[in-house]
Amino acid sequence: MEEEIRRFLKTKWAGQNLFCYDEIDSTNTCVLKLGEAGAMHGTVVVADQQNMGKGRRGRNWVSPPKTNIYMSLLLRPCFEAVKAPMLTLLMAYSVAEALMELEQVDAKIKWPNDIVLNKKKICGILTEMMMKEQAIDYVVIGVGVNVNVESIPQELRESATSLRIETGRELSRAALLARVLEKFEENYEQFCKAGDLSLIQDGYNRILVNAGNQVRILEPGNEYHGLAHGINHLGELQVEKEDGTEVSIFAGEVSVRGIYGYV
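Residues numbered from 1 in each chain as written. Predicted model: local features only at pLDDT ≥ 70, side-chain atom pairs only at ≥ 80, totals over all residues. Heavy atoms only, no water.

*Asks:* What is the right way to look at the overall build of the protein in this model?
*Replies:* Each helix and strand counted, the protein has six helices and twelve strands in total. With respect to the three principal axes, the spread of C-alpha positions in the protein is 55 × 45 × 30 Å. By the burial criterion, 53% of the 263 residues in the protein qualify as buried. Look at the contacts in the protein between residues 6 or more apart in sequence, and 63% of them connect residues 24 or more apart. Summing over all exposed atoms, the protein offers an accessible surface of approximately 12,000 Å²; the carbon and sulfur share of this is 47%. Here the protein contributes 29 positively and 36 negatively charged side chains, and the mean placements of these two sets differ by 2 Å. (Helix = DSSP H or I, 4+ residues; strand = E, 2+ residues; numbered from the N terminus. Buried < 20%, exposed > 50% of the residue type's maximum accessible area, 1.4 Å probe, protein only. Contact = heavy atoms within 4.5 Å. Areas by Shrake-Rupley, 256 points an atom, 1.4 Å probe, with all protein chains shown as cover. Lys, Arg positive; Asp, Glu negative; His and termini not counted. Charge placed at Lys NZ, Arg CZ, Asp CG, Glu CD.)

Pasting the structure below:
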């Protein structure tokens, strides 16, 4: 797969140091080890199959062989750690852009890190950060995209899908992966210049499935409903609570009416 990815790849640094595996425990775990060993900024690990794929909050990511995209990207940012969570949103926007440009699908973002198509999840993103002496040592962003899988497990069919199921055609994983890296490199450089998400904020909000919808906010020891208005320049979801007050949500699990079975 490496040769095919390189044929499509047009980046300056994202993915130029590329490792491809037939099978691996987790691409994130592999990149974390590479990061500890001093691997360069932009290093990417890609696998045809994961047997211990990671999702958010310790969940497993189902990873059948030779059908989907499983990749992780290593970054060595020079900004402060408080900005690192915004990288998840930056990757989500980059994946959505790549899908819309390359595959002409109506991809949407479910804040902060899921890509949905026809109200079902096709992509998840997991970001992990390692610190050294109160500064970022490196960040790993893992991306899993359901590309060519033809059947979703019964228990997930109401909430998940794949590009092949939705479009009816087989797609090039290498071409899509390369385009995601290109879009991320472009957006990351803009992010570093601006110091926040202001340069992608409008574009992100245009495809944000939460915007204009009722959401249920699940925080530790606290649950409430409100109307989402989009993200601000820091990536926080702006929510108008039922009593009319407005709050900015960064951490926490957000459910959207009509998405993933929440009605």
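*Asks:* Looking at this structure, I do not really get the packing of aromatic side chains. What am I missing?
*Replies:* Aromatic ring pairs are defined here through the distance separating the ring centres and the angle between the ring planes. Per the stated rule, a full pass over the model turns up five aromatic pairs. With a centroid separation of 5.4 Å and 85 degrees between ring planes, the pair formed by F79 and F191 is classed as edge-to-face. Here F191 lies in helix 5 (residues 173-194) and F79 lies in the loop between strand 3 (69-75) and helix 3 (86-103), a separation of 112 residues in the sequence. The exposure class of F79 is buried, given its relative accessible area of 11%. Lying across the ring of Y224, K241 places its NZ or CZ 4.7 Å from the centre. (Phe/Tyr/Trp six-rings, centres within 6.5 Å; stacked < 30°, edge-to-face > 60°. Lys NZ or Arg CZ within 6 Å of the ring centre and 35° of its normal.)

*Asks:* Teacher, can you tell me more about the sheet that holds strand 7 (residues 135-145) here?
*Replies:* Backbone-to-backbone hydrogen bonds join strands into a sheet, with any given pair of strands oriented parallel or antiparallel. The strand order across the open sheet built from seven strands is 1-2-3-7-6-5-4, with neighbouring strands paired in mixed fashion. The open sheet has two edge strands, strand 1 (18-21) and strand 4 (108-110), and neither has a second partner. Each neighbouring strand pair of the sheet contributes to a mean axis angle of 20 degrees, computed without reference to strand direction. Pairing of strand 4 with strand 5 (residues 114-117) involves three bridges; the strand directions are antiparallel. Within the sheet, the bridge partner assigned to K108 lies in strand 5 and is V116. (Pairing = 2+ DSSP bridges. Axes fitted to C-alpha atoms, helices over the stretch in contact; angles between N-to-C directions.)

*Asks:* Whenever I open this one, the pairing of strand 9 (residues 222-231) confuses me. Can you help?
*Replies:* Both faces of the sheet carry side chains from a regular strand, because those side chains alternate between them. In terms of strand pairing, strand 8 (residues 214-219) meets strand 9 through six bridges, oriented antiparallel. Its bridge partner lying in strand 9, L218 is registered against E223. The turn linking strand 8 back onto strand 9 is made up of two residues, and G221 within it adopts a positive phi angle of 75 degrees. Sheet topology places strand 9 next to strand 10 (residues 237-241); five bridges connect them, and they run antiparallel. Bridging from a neighbouring strand, G230 pairs with Q238 of strand 10. Joining the antiparallel neighbours strand 9 and strand 10 is a turn of five residues, in which G235 adopts a positive phi near 85 degrees.

*Asks:* Help me out: how do you make sense of the pattern of salt bridges in this one?
*Replies:* Tallying each qualifying case throughout the model produces 15 salt bridges. Measuring nitrogen to oxygen at the nearest pair gives 3.0 Å for the salt bridge that ties E2 to R6. Of this pair, E2 and R6 both sit in helix 1 (residues 2-8), four residues apart, which is roughly one turn of the helix. The class for E2 is partly exposed, based on a relative accessible area of 33%. Residue classification places R6 among the partly exposed residues on the basis of a relative accessible area of 33%. (Salt bridge = Lys/Arg side-chain N within 4 Å of Asp/Glu carboxyl O.)

In short, the description is geometric, and any link to function would need to be established separately.
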